[in-house]
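This is what each chain is made of:
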Amino acid sequence: MKKIPAGLLALLCTTCSTVTLAAVALAADVPAPDGAPPAMGDIIVIGVTPLPGATVALDKLPASATTLSADDLARSHSISLLDAMAQRTPGLALSDTQGNALFQDVHFHGFTVSPLQGTPQGIAVYQNGVRLNEAFGDTVNWDLAPEVAVSRLTLVTNNPAYGLNALGGAVTLEMKNGFTFQGTSAELLGGSNGRVQGSAEFGWQSGNFSLYLAGEAARDDGWRKESASDVERFYADAGWKTETVELHLIGAAARSSLGVVGPTPLEMIQEDETAVYTWPQTTKNDSAMLALNGKVDIAPGWAVQGNVYGRHFGQKHVDGNDSDFEGCSSRSSYGGKLCLEDDAFGTPAGGKTTAFRNQFVITDLAGHTFAFDRDATYGTLDRTATDTTGVGGSLQLTGDRPLMGMENRFAAGGSIDHSDIRFTATSTLGVINPDLSVTADDVAGAGLIIRTQGNLGYAPVWLSGTTDYYGAYVMDTLDLTPALSLTAGLRLNVADISTRDRGGAAPELNSDNRYTHWNPQAGLTYRLGGGVSVYGGYSQSNRAPTPLELDCADPLRPCLLENSLVADPPLKQVVADTYEAGVRGTQGIASGRLDWTVGLFRTDSDHDIVALASTIQGRGYYTNVPSTRRQGVDAGLTYASERWQVYLNYSFVDATYQFDGVLASPNNPQADDDGTITVHSGARIPGIPRHQVKVGGDLSVTDAWTVGGAVQYYGSQYLVGDDANQNSQLTPYWTMDLRTSYQILPGIQLIGGINNLFDRRYASYGTYFDVAGASDILGRTLSDARTLTLGAPRTFYGGVKVTF
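Now for a look at the structure at hand. (Residues numbered from 1 in each chain as written. Predicted model: local features only at pLDDT ≥ 70, side-chain atom pairs only at ≥ 80, totals over all residues. Heavy atoms only, no water.)

## Regarding the environment of T525
Along the chain, T525 turns up in strand β30 (residues 511–529). Expressed as a C-alpha distance, the spacing of T525 and P62, which sit 463 residues apart in the sequence, is 5.7 Å. From its side chain, T525 meets the backbone oxygen of D59 in a polar contact 3.2 Å long. (Helix = DSSP H or I, 4+ residues; strand = E, 2+ residues; numbered from the N terminus. Polar contact = N/O pair within 3.5 Å; in protein donor to acceptor, adjacent residues only side chain to side chain.)

Structural data, given as structure tokens:
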């Protein structure tokens, strides 16, 4: 009997999971028959519910998944999980909407998970079974995730057991503990743009007890102006286990301060790539969590897993913006005062023009008006604060006892998640200075919180709310024959969402909404032999509108996305039907292993929620659209041996609207006089590249020296706001990263790397802005309505890692 070396097995878990798309649970030194590759069932199982414990062998899974190990994450030497995810995950792309590497959107199969309030979310995220999608907007703050403490990151698809938001899939973070990690390691890096980062972790086990501690911190000035980042994270796990019981008490805390200045008009970028348009734009996050996880073997083949948790999240955002202010008409009773511009409002889809061609006076909270200063360039400092406290728990029963003589894997469980929300938003009158900073001085009313007559566009908000999410699921995988497996499941999601106006001036914010949906799942897998299997599956999933979306759904009363809430028309929940089919295989070749896969997917969504722009700058609203479709193919292969590995992935993602209709896009150059565009069925959803190619690998040149690299290619995409596909697209781009390490002494390793080796200039995000308003502020005429976020130029880093 041969044994797989532990080092090779670690490589295999990374490569086979990325290319055969499996979530991997590994045990080193798994025996394999002489001359045969390691058996799939012996080394690979897939987690199929948010709580650890419910697993299915890869070749019995009627869906796809991708796993990144702790080694995969460490190779990128990044403070963010996102870099490794982008390099290795088929079908996944990053969009740097806000110009900060820690604050990027993740697009997978055309669905998005983002830290940006205002982005409709379509992916669920869990950490050790605790839901990380924030209650107010379903956002996920990647900057708070403790990267060094992650043992395994898994992205799974086509599985409603993951609850709300799992339209495109779910990301699970399985964390390290003292039973799975022992020893001490520390890493210190420095690099371009003032980058300094460090991390340390400690794991210990003594008998039935364990302890794991991890911390990391980073500071980066950013390559653009006003784009600095500062983040600190801490994670701890105290464990106890016997042969039948295992408990873990977990604590985590994090804080960050991020410069998120967003896209810059193209004509400014052409003069200075580091330029930003109106600032400050900063986001400060903090979080803390305490959780108790456990599992108990209650009988042979049966176990119970569960968790309870408490979690706090706080966010403060400051945004310096252009305004739509002018002097009130001398023919009105407010002559000489400050008003909203006559044409600040256009006509939303289906609206009436005459409803908007009026002036609205600007006042403070006491109703006092302000004298108009024709020499001032007016702006606003928009501030939001979100404070959320959540508690919840999950309970799950799993079993692997045979059913009627056939192998069987069973799981059933439920979850409750409750959150209390406090949200405030204000706009303060200010001026835009020659350096494009917005300050609250030098003009009448500066520094005062303002509102617009009728609360249109500018209105302070003091909101409270609660969310109660209930879930129950059952799923089973039954071997009908030694080669054929059937999976079936069902999940019930119930969402109760209540919001209340704490200020007393906006009763339209008061609402109570309940959303309920049953989501089925079914699929088959067939093992052809020789390590090859085929699969096909269907599932349904749903997501409820968030409190943010529910209270910002009126085109007549648009909100400052990331700010004011002003209205509450009803929104429908999104329901998605997903179909998948594919073939995958594993073969032993020479002294290594080849993993490969080809998979097809299609997701049809009804009542998809989209964010649309208002004609008031920086404002927008949410609406349902009849239907959308996201379909495509993932293909890839990986070869891994003891000294080297290489991977190649290709994805095609076709995300389209499946209706004919009119959408608001007032800054689009092709918009009509009412600020709308006409969308036809088959039009591509903006912001999603159709083609992706990812290739990379690592080579142990000697026992001490390792080199590696990664190349990523992304095809063209339409700018956000070009839902009708009438304008030019963003240019396709590719980047190459190199990395190396050298073991100078046992336990001491030097590391270094170059990101964007060839200094490629590209944009991963683009949208449109008000050319006339920007021209007035800049004092020169602009003609191009495109505003882009450029990718970072070539950067270097180096450092040392110590392990003992």
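## Points about the sheet that holds strand β27 (residues 450–452)
Strand order across the open sheet formed by four strands is β21-β22-β23-β27, with antiparallel pairing between neighbours. Here the strands that pair on one side only, and so sit at the sheet edges, are β21 (325–327) and β27. The sheet shows a mean angle of 45 degrees between the axes of neighbouring strands, direction not considered. (Pairing = 2+ DSSP bridges. Axes fitted to C-alpha atoms, helices over the stretch in contact; angles between N-to-C directions.)

## Observations concerning the state of the cysteines
Enumeration over the complete set of coordinates arrives at one disulfide. Bridging C328 to C339, the disulfide has an S-S length of 1.9 Å. Taking the sign of the S-S torsion, about 95 degrees here, the bridge from C328 to C339 comes out right-handed. Of this pair, C328 sits in the loop between β21 and β22 (338–340) while C339 sits in strand β22, and the two are eleven residues apart along the sequence. Neither residue differs from the other here; C328 and C339 are each classed as buried. (Disulfide = S-S within 2.5 Å. Buried < 20%, exposed > 50% of the residue type's maximum accessible area, 1.4 Å probe, protein only.)

## Considerations on the side chain of S323
Within the secondary structure, S323 is located in the loop between β20 (302–322) and β21. Given a relative accessible area of 8%, S323 falls into the buried group. Among all residues touching S323, those that are not within four sequence positions of it are Y378, G379, T380 and Y458. (Contact = heavy atoms within 4.5 Å.)

## Observations concerning the environment of G523
Tracing the chain through its elements places G523 in strand β30. For G523, the residues in contact, after removing those within four places along its chain, are P62, S485, L486, T487, G536 and G537.

## Here we look at the sheet that holds strand β6 (residues 92–95)
Sheet architecture is open: three strands sit in the order β6-β7-β8, paired in antiparallel fashion. Of all the strands in the sheet, the pair left with one neighbour each is β6 and β8 (111–113). The sheet shows a mean angle of 30 degrees between the axes of neighbouring strands, taken without regard to direction. Note: β6 against strand β7 (residues 105–108), four bridges, orientation antiparallel. Paired with A93 across the bridge in β7 is H107.

## Structural notes on the pattern of salt bridges
Counted according to the given criterion, the structure contains 28 salt bridges. Across the pair E201 and K176 runs a salt bridge whose closest N-O atoms are separated by 3.0 Å. You can see E201 sitting in strand β14 (residues 195–206) and its partner K176 sitting in the loop between β12 (169–175) and β13 (183–191), a full 25 residues away along the chain. A salt bridge links R255 to E232; its shortest N-O distance comes to 2.3 Å. One end of the pair, R255, is in strand β17 (residues 245–259); the other, E232, is in strand β16 (residues 229–241), and 23 residues separate them in sequence. (Salt bridge = Lys/Arg side-chain N within 4 Å of Asp/Glu carboxyl O.)

## Here's the deal with helix α7 (residues 771–778)
Taken together, the buried positions of α7 are occupied by V771, G773, A774, S775 and I777. Residues of α7 that are buried in the fold lie against β20 and β25 (408–432). The opening residue of α7 is D770, an N-cap whose side-chain oxygen sits 3.4 Å from the backbone nitrogen of A772. Trailing α7 by a residue or two, G779 shows a phi angle of about 75 degrees, which is positive.

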